[in-house]
Amino acid sequence: MDYTKFDLLCSKLAAAYKKLDFDTEYVRKKKASPDSIAELENDLDIKLPCAVREFFADFSGEYRMNVSFSNEFCGGLPSELDMVFSAFFDFSIEMLRIAETNRRGWVEKCFNNSDDPYDMEWHGKLGFMTVGNGDIIAFDVSADADDPSVVYLSHDDGDGHGAVLGKSFEDFAFNLVRAGACGNEDWQLLAFMKDKKSGIDAECENAVKFRDIIGFDAE
């Protein structure tokens with residue numbers, strides 16, 4: 001991943017939201033230490049995908065954005081974007097630890113039927129980011145442990161269950177930010193996807209329209 005390009009893109013997005021006078025949290029902390037990465041892997045008995053390990057080790061161990069949109073702004077959005085009420089991502093060691101712990105809890109308590117296709121979407125994954133409604137954004141490590149796709153896991157039969165959000169971590173991260181970091185609930189993300197297999201499309205009509213509304217130059 002081109003971290004300089006990604007950081008500049010995120011900085012420009014945060015500036016656009018601040019210009020709209022939205023409550024904007026944008027945090028980039030220092031690189032994670034080798035010990036903290038090893039501790040995470042040992043505690044969870046996992047091996048991090050290469051791109052994620054490199055992100056933590058070479059760029060930041062905690063990188064996040066959280067923006068709350070005003071009611072007035074949300075009320076003025078066109079109908080095709082009226083589900084977008086926030087901007088959010090949290091790429092961090094601590095968030096991954098929480099997300100994977102939560103995913104395992106869902107599997108143990110609710111989604112343990114190996115004959116049920118819905119349940120099986122929860123298996124062979126590595127939780128990466130939690131969603132406010134209890135869902136999980138995860139890596140599909142069953143298909144590719146080194147460079148997995150990013151998928152959505154719904155705990156309550158949401159429309160986005162099993163959707164591919166990005167073909168890789170880099171693909172997901174860049175397209176999410178270029179789409180305005182459009183929240184992380186499935187019904188927010190689906191507004192920027194043409195189907196459940198192709199990932200977030202930062203050049204789709206809704207993404208282009210949303211960037212124009214918030215004054216965000218994603219180049």
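See above for the structure.
Sequence order sets the numbering: in each chain, residues are counted from 1 along the sequence as written. Local features in this predicted model are restricted to residues whose pLDDT is 70 or higher, and side-chain atom pairs enter the listing and the counts only when it is 80 or higher, whereas totals over whole chains, interfaces and linings include all residues. By convention in this description, side-chain values take in all heavy atoms of the structure and omit both hydrogens and water.

Student: Which parts of the structure should I look at to understand a negative patch on the surface?
Tutor: There is a patch of like negative charges on the surface, built from Asp 2, Asp 144, Asp 146, Asp 147 and Glu 170. The way it works is that DSSP assigns letters per residue, a run of H or I at least four long becomes a helix, a run of E at least two long becomes a strand, and they are numbered from the N terminus. Mapped onto the secondary structure, Asp 144 falls in the loop between strand 5 (136-139) and strand 6 (150-153). The rule is simple: take the accessible area with a 1.4 Å probe, protein chains only, and divide by the maximum for that residue type; under 20% is buried, over 50% is exposed, in between is partly exposed. With a relative accessible area of 33%, Asp 144 lands in the partly exposed category. Candidates for patches are residues over 30% relative accessible area with no salt bridge; among them, like charges are joined within 9 Å and nonpolar side chains (Val, Leu, Ile, Met, Phe, Trp, Tyr) within 5 Å. Reported accessibility uses the Shrake-Rupley method at a 1.4 Å probe radius. Residues are deemed covered only where the shown protein chains occlude them. The term salt bridge refers to a side-chain nitrogen of Lys or Arg lying within 4 Å of a carboxyl oxygen of Asp or Glu. Under this rule, positive means Lys or Arg and negative means Asp or Glu; His and the chain ends count for nothing. Every charge is mapped onto a representative atom, which is NZ of Lys, CZ of Arg, CG of Asp or CD of Glu.

Student: Just to check I follow, could you spell out the packing of aromatic side chains for this structure?
Tutor: When we look at a pair of aromatic rings, we describe it by the centre distance and by the angle of the planes. For this analysis, a ring pair means two rings from Phe, Tyr or Trp (six-membered ring only for Trp) whose centres lie within 6.5 Å, classed as stacked if their planes differ by under 30 degrees, edge-to-face if by over 60, and tilted for the remaining angles. Evaluation of the coordinates by the stated rule reveals 33 aromatic pairs. Ring geometry for Phe 69 against Phe 210: centres 6.2 Å apart, planes inclined by 35 degrees, an arrangement best described as tilted. Of the two residues, Phe 69 is situated in the loop between strand 2 (62-68) and helix 4 (71-75) and Phe 210 in helix 9 (residues 205-214); the sequence distance between them amounts to 141 residues.

Student: Where do I start with the pattern of salt bridges in this structure?
Tutor: Where charged atoms of side chains with opposite charge meet at close range, the side chains can pair. This structure, assessed with the given rule, holds 13 salt bridges. We note a salt bridge from Glu 25 to Arg 64, for which the minimum N-O separation is 3.0 Å. One end of the pair, Glu 25, is in strand 1 (residues 23-28); the other, Arg 64, is in strand 2, and 39 residues separate them in sequence. Given a relative accessible area of 18%, Arg 64 falls into the buried group. Here Glu 203 makes a salt bridge to Arg 178, at a shortest N to O gap of 2.4 Å. Taken together, the positions of Glu 203 in the loop between helix 8 (186-189) and helix 9 and Arg 178 in helix 7 (residues 169-178) put the pair 25 residues apart, joining distant regions of the chain. Look at Glu 203 and you get partly exposed, because its relative accessible area is 46%. Accessibility expressed as a relative area gives 16% for Arg 178, which makes it buried. Members of the salt-bridge network, linked through shared partners, are Glu 25, Lys 29, Glu 62 and Arg 64.

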